Amino acid sequence: MKPVLGVLLGEAAGIGPEIVAKLCAEDRLLPYCWPVLMGDLRVFVKAQEITGTSFPVTVIEDVSHANWEGPLPFLDLRDLDAATVKPGELNAYSGRVTGNALVKALQLSQAGAW
């Protein structure tokens, strides 16, 4: 049985979102785990544009709603508009949001979500 794995996008101004987009587009996660992507969907869409990748995700409100029979589940935190972040430039708000996502992921882990 494969584990459920929370996959955080990382710092929106960094390369994390692009790496996650490429990993998903190249189907590098599903062979090993049941991934739940986590972050702001707008940041992820921007990462897909930057990397030239395109694939659907299903936005979920709770990890218990994840289903891997179709598009990858995406826990949209709705906390950072990608238009406010410039790739490669430090942004205090983006850094704070990244830290908040990590705390949320740890809370979900402690609750047994993954």
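Counting starts from 1 at the beginning of each chain's written sequence and moves along it residue by residue. Reporting of local features is limited, given that this is a predicted model, to residues whose pLDDT is at least 70; pairs of side-chain atoms are given and counted only at 80 or more, and all residues count toward the totals for whole chains, interfaces and linings. Note that the side-chain values use all heavy atoms of the structure and ignore hydrogens as well as water.

Draft legend 1. Summary view of the overall build of the protein. Elements are defined by DSSP. Helices are runs of H or I of four residues or more, strands are runs of E of two residues or more, and each kind is numbered from the N terminus. Across its full length, the protein holds 3 helices and 4 strands. Secondary structure of the protein in N-to-C order comes out as β-α-β-α-β-β-α. Computation of the radius of gyration draws on C-alpha atoms alone. For the globule rule, the value is 2.2 Å times the number of residues to the power 0.38. Computed over C-alpha atoms, the radius of gyration of the protein comes to 13 Å, within 12% of the 13 Å expected from 2.2 N^0.38 for 114 residues, which places it in the range of a compact globule. Each of the three principal axes of the protein carries a C-alpha extent, and together these read 40 × 30 × 20 Å. Counting all 114 residues of the protein, 35% fall into the buried class. Residue contacts are defined here by distance: any two heavy atoms, one from each residue, within 4.5 Å place the two residues in contact. Of all intrachain contacts in the protein linking residues separated by at least 6 positions in sequence, the fraction that spans at least 24 positions is 69%. Per-residue accessibility, obtained with a 1.4 Å probe over protein chains only, is compared with the maximum for each type, and a residue is labelled buried under 20%, exposed over 50%, and partly exposed between these values.

Draft legend 2. Examining the sheet that holds strand β2 (residues 34–39) more closely. Spatial strand order, β1-β2-β4-β3: 4 strands in an open sheet with parallel pairing. The open sheet has two edge strands, β1 (4–8) and β3 (57–60), and neither has a second partner. With direction set aside, neighbouring strand axes in the sheet form an average angle of 35°. Criterion used throughout: strands pair if DSSP finds at least two bridges between them. Pairing of β3 with strand β4 (residues 72–76) involves 4 bridges; the strand directions are parallel. In the sheet register, I60 faces β4, and the bridge partner there is L75. Between the N-to-C directions of two axes lies an angle of 0 to 180 degrees, each axis being a line fitted to C-alpha atoms and, for a helix, fitted only over the stretch in contact. Running over the sheet, helix α3 (residues 92–110) touches β1, β2 and β4 and is turned about 145° from β2.

Draft legend 3. The arrangement of the environment of G112 in detail. Position of G112 among the secondary structure elements: in the segment after α3. Between the C-alpha atoms of G112 and L29, which are 83 residues apart in sequence, the distance is 20 Å.

Draft legend 4. Representation of the side chain of D40 in the model. Residue placement: D40 occurs in the loop between β2 and α2 (41–51). In protein, a polar contact requires one atom able to donate a hydrogen and another able to accept it; more generally it is a pair of N or O atoms within 3.5 Å, and residues adjacent in sequence count only if both atoms are side-chain atoms. Within the structure, D40 has its side chain in polar contact with the backbone nitrogen of R42 (distance 2.8 Å). Setting aside residues up to four positions removed in sequence, D40 forms contacts with L9, F74, D76, R78, D79, L80 and D81.

Draft legend 5. Inspection of the nonpolar core at higher detail. Core analysis: the largest hydrophobic core is formed by 20 residues, its most contacted members being L9, V20, C24, L37, V43, F44 and L80. Going through the elements one at a time, α1 (16–25), α2 and β4 are the ones with two or more residues in this core. Once residues within four sequence positions are removed from consideration, V20 is found in contact with V7, L8, L9, L37 and F44. M38, I60, A105 and L108 belong to the second largest nonpolar core, which has 8 residues in total. Take the buried residues of types Ala, Val, Leu, Ile, Met, Phe, Trp, Tyr and Cys, join any two whose side-chain atoms come within 4.5 Å, and each joined set is a nonpolar core.

Draft legend 6. Region of the structure containing the packing of aromatic side chains. Pairing of aromatic rings covers Phe, Tyr and the six-membered ring of Trp, with a centre-to-centre limit of 6.5 Å; geometry is then stacked below 30 degrees between planes, edge-to-face above 60, and tilted otherwise. Per the stated rule, a full pass over the model turns up 3 aromatic pairs. Centroid distance F44 to F55: 5.8 Å. Interplanar angle 70°. Geometry classified as edge-to-face. Of this pair, F44 sits in helix α2 while F55 sits in the loop between α2 and β3, placing them 11 residues apart in sequence. With a centroid separation of 5.4 Å and an interplanar angle of 45°, the aromatic rings of F44 and F74 are classed as tilted. Of this pair, F44 sits in helix α2 while F74 is found in strand β4, placing the two residues 30 residues apart along the sequence. Looking at F74, the relative accessible area reads 0%, which means it is buried. Among the aromatic residues, ring-to-ring pairing joins F44, F55 and F74 into one connected group. Taking the ring centre of W34 as reference, the NZ or CZ of K2 above it sits at 3.8 Å. Distance and angle both matter: a charge sits over a ring if NZ of Lys or CZ of Arg is within 6 Å of the ring centre and within 35 degrees of the ring normal.

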